[in-house]
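# Coordinate inspection notes
The lines below spell out each chain.
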Amino acid sequence: KHYPSEANTFYLESEMHFAQKKQDPARYYKAWKKYIREVADPNPEEQTLMARAAIRSIPTYQKGIQLAEKVAEKAVIGAETVAPHLNYAEILLSADKREEAKQAASRGLYIAKQNGDAMQMAKAMQLLRSME
């Protein structure tokens, strides 16, 4: 009522939080997909963060892992920042796809080197070392 432009975002976040607490994956992913479509769509970093959050929220739901992987894969296409690539690599690790995860993390490391971002390079190298 007092902030109508953010009402939908608040509702979807509340719905996801409630479904997570109830461990109701169907309800969670219904709100999650709507959030991705309506709130996070123009922002690849937001999409991959939401994908990681979904996997952490209900880690045993295989259909959810597949949905999160698809969203993160779409988000990294053309992404010129490091975070989406590293998030995608972590999602791939959750799906037991080590080789693809290494490729995504390597791409993130390459972008971090191009940007001269030492902090992101360290994160990428740490992720790559954890996959060895």
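Bear in mind that the values here come from a model prediction, so they are computed numbers and not experimental data.

Conventions used here
Residues numbered from 1 in each chain as written. Predicted model: local features only at pLDDT ≥ 70, side-chain atom pairs only at ≥ 80, totals over all residues. Heavy atoms only, no water. Helix = DSSP H or I, 4+ residues; strand = E, 2+ residues; numbered from the N terminus. Rg over C-alpha atoms; globule rule 2.2 N^0.38 Å. Buried < 20%, exposed > 50% of the residue type's maximum accessible area, 1.4 Å probe, protein only. pLDDT = per-residue confidence, 0-100. Contact = heavy atoms within 4.5 Å. Phe/Tyr/Trp six-rings, centres within 6.5 Å; stacked < 30°, edge-to-face > 60°. Expected span 1.5 Å × (residues − 1). Arc of directions from axis to C-beta. Core = buried A, V, L, I, M, F, W, Y, C linked by side-chain atoms within 4.5 Å.

## Quick word on the overall build of the protein
Counting secondary structure elements, the protein contains seven helices and zero strands. Secondary structure elements of the protein, listed N to C terminal, follow the sequence α-α-α-α-α-α-α. In terms of overall size, the protein behaves like a compact globule, its C-alpha atoms giving a radius of gyration of 16 Å where 132 residues would be expected to give roughly 14 Å. The proportion of buried residues among the 132 residues of the protein is 39%.

## A few points about the confidence of the model for the protein
Residues of the protein with pLDDT of at least 70 account for 100%, and the chain-wide mean is 90. The secondary structure element of the protein with the lowest average pLDDT is helix H3 (residues 44-57), at 89, and the one with the highest is helix H6 (residues 98-115), at 94.

## A closer look at the side chain of Glu15
Structurally, Glu15 can be placed in helix H1 (residues 7-22). Classification of Glu15 by relative accessible area gives buried; the value is 14%. The contact partners of Glu15, leaving out residues within four places of it in the chain, are Arg27 and Ala31.

## Some details on the packing of aromatic side chains
In the structure shown here, the tally under the stated rule is three aromatic pairs. An aromatic cluster is present here, built from Tyr28, Tyr29, Trp32 and Tyr61 joined pairwise through their rings.

## As for H1
The α-helix winds at 3.6 residues per turn, so residues separated by three or four positions along the chain end up facing the same way. For H1, built from 16 residues, the straight-helix expectation of 22 Å at 1.5 Å per residue is met to within 8% by its first-to-last C-alpha distance of 22 Å. Of all the residues in H1, the buried ones are Thr9, Leu12, Glu15, Met16 and Ala19. For H1, the angular spread of buried residues about the axis comes to 130°, placing them on one side. Of the residues in H1, the exposed ones pointing more than 90 degrees away from the buried face are Phe10, Lys21 and Lys22. On its buried face, H1 is in contact with helix H2 (25-40) and H3. In the stretch just after H1, Gln23 is the one whose phi turns positive, near 55°.

## Structural notes on the environment of Ala54
Tracing the backbone through its elements, the reader meets Ala54 in helix H3. The spacing of Ala54 and Met16 is 38 residues in sequence and 9.1 Å in space, taken between C-alpha atoms. The contacts of Ala54, once residues within four sequence positions are left out, are Tyr28, Tyr29 and Trp32.

## Quick word on the nonpolar core
In this structure, Met16, Tyr28, Trp32 and Ala105 are the most contacted members of the largest nonpolar core, which totals 36 residues. For this core, the secondary structure elements donating two or more residues are H1, H2, H3, helix H4 (62-76), helix H5 (82-94), H6 and helix H7 (118-130). For this core, the leading source of residues is H2, giving seven residues.

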